[in-house]
Amino acid sequence: MAFVWERAAELIIEGCGWGDDVRPGPGAISGQMRLIRDGERRWLGITGSPYHGAVVLYGGVIAADGSYGAPLANSGDGGVYGLDGPALVTATRALWQRLDDLDPSGDR
C-alpha cells in the first residue's frame, strides 16, 4: 500500500501533466516526498497524514549550484483533505503562482 504522500504525488503529476518532466528528489524529511522540476528549478514537498487525511504542499527553488532552498510557500492552513486529485492540482498551481510572485524575474 502506498503512503498518502506517494499517492498524492501520483495525482499531482498526472493532473498537472508533468509526466517525464518531474523526478523524485533527495533530502525529503521522513513522512514527506519531494518532487523536482528541473526545467523550472523548483521542488515540491508533499506531506500527508494517514490519520487526519490532510495533504500539505511546500515549495521552494533550486539554486544555480543545485542546492535546494528552504520552503518559500505552502498550500495554506490545513492543506488539502483527502486524496482529491483536482484539489491537489489546484493547490499545486496556487503554490507555483506564489513562488512566481516571490520571484517574478525567474532568477534562481
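Look up a bit, the structure's there.
These figures come from a predicted structure and were not determined experimentally.

1. Details of the nonpolar core
At step 1: Judged by nonpolar contacts, the single largest core of 22 residues is most densely connected at Ile12, Trp18, Leu44, Ile46 and Leu57.
At step 2: The element best represented in this core is helix α1 (residues 4–16), accounting for 7 residues.
At step 3: Not counting residues up to four positions away in its chain, the partners in contact with Ile46 are Trp5, Ala8, Ala9, Ile12, Gly31, Gln32, Met33, Leu35, Val55, Val56 and Leu57.

2. Some remarks on the pattern of salt bridges
At step 1: A complete count under the given rule lists 5 salt bridges for this structure.
At step 2: With a shortest N-O distance of 2.6 Å, Glu40 and Arg37 are connected by a salt bridge.
At step 3: Judged by its relative accessible area of 25%, Glu40 falls in the partly exposed class.
At step 4: Arg42 is paired through a salt bridge with Glu40; the nearest N and O atoms lie 3.9 Å apart.
At step 5: Given the relative accessible area of 2%, Arg42 is considered buried.

3. Details of helix α2 (residues 85–102)
At step 1: Under the 1.5 Å per step criterion, the end-to-end length of α2 is 26 Å for 18 residues, consistent within 8% with the ideal 26 Å.
At step 2: Within α2, burial applies to Gly85, Leu88, Val89, Ala91, Thr92, Leu95, Trp96 and Leu99. Each buried residue of α2 sits inside an arc of 165° when the element is viewed along its axis, so together they form one side. The exposed set on the far side of α2, more than 90 degrees from its buried face, consists of Pro86, Thr90, Arg93 and Asp101.
At step 3: For α2, the elements touching its buried residues are α1, β2 (32–37), β3 (42–48), β4 (54–61), β5 (73–74) and β6 (80–81).

4. Looking at the packing of α1 against α2
At step 1: Close contact between α1 and α2 brings their axes to 9 Å; oriented N to C, the two are set at 75°. Overall, the two elements α1 and α2 adopt an arrangement that is roughly perpendicular. Along the contact surface, α1 presents Ala8, Leu11, Ile12, Gly15 and Cys16, while α2 presents Gly85, Leu88, Val89, Thr92 and Arg93.
At step 2: Of the residues in the contact of α1 with α2, the class split is 6 nonpolar, 3 polar and 1 charged.

5. Describing the pairing of β2
At step 1: With 5 of 6 residues buried, β2 lies mostly within the body of the structure.
At step 2: Pairing geometry for strand β1 (residues 23–24) and β2, over 2 bridges, is antiparallel. Counted as the bridge partner of Arg23 is Ile36 from β2.
At step 3: One ladder, built from 6 bridges, connects β2 with β3; its direction is antiparallel. Looking at the pairing, Ile36 lines up with Trp43 of β3.
At step 4: The antiparallel hairpin formed by β2 and β3 contains 4 residues in its connecting segment, where Arg41 sits at a positive phi of about 55°.

What counts, and where the lines are drawn
Residues numbered from 1 in each chain as written. Predicted model: local features only at pLDDT ≥ 70, side-chain atom pairs only at ≥ 80, totals over all residues. Heavy atoms only, no water. Core = buried A, V, L, I, M, F, W, Y, C linked by side-chain atoms within 4.5 Å. Buried < 20%, exposed > 50% of the residue type's maximum accessible area, 1.4 Å probe, protein only. Helix = DSSP H or I, 4+ residues; strand = E, 2+ residues; numbered from the N terminus. Contact = heavy atoms within 4.5 Å. Salt bridge = Lys/Arg side-chain N within 4 Å of Asp/Glu carboxyl O. Expected span 1.5 Å × (residues − 1). Arc of directions from axis to C-beta. Axes fitted to C-alpha atoms, helices over the stretch in contact; angles between N-to-C directions. Parallel < 35°, antiparallel > 145°, perpendicular 65-115°, else oblique. Nonpolar A, V, L, I, M, F, W, Y, C, P; charged D, E, K, R; others polar. Pairing = 2+ DSSP bridges.

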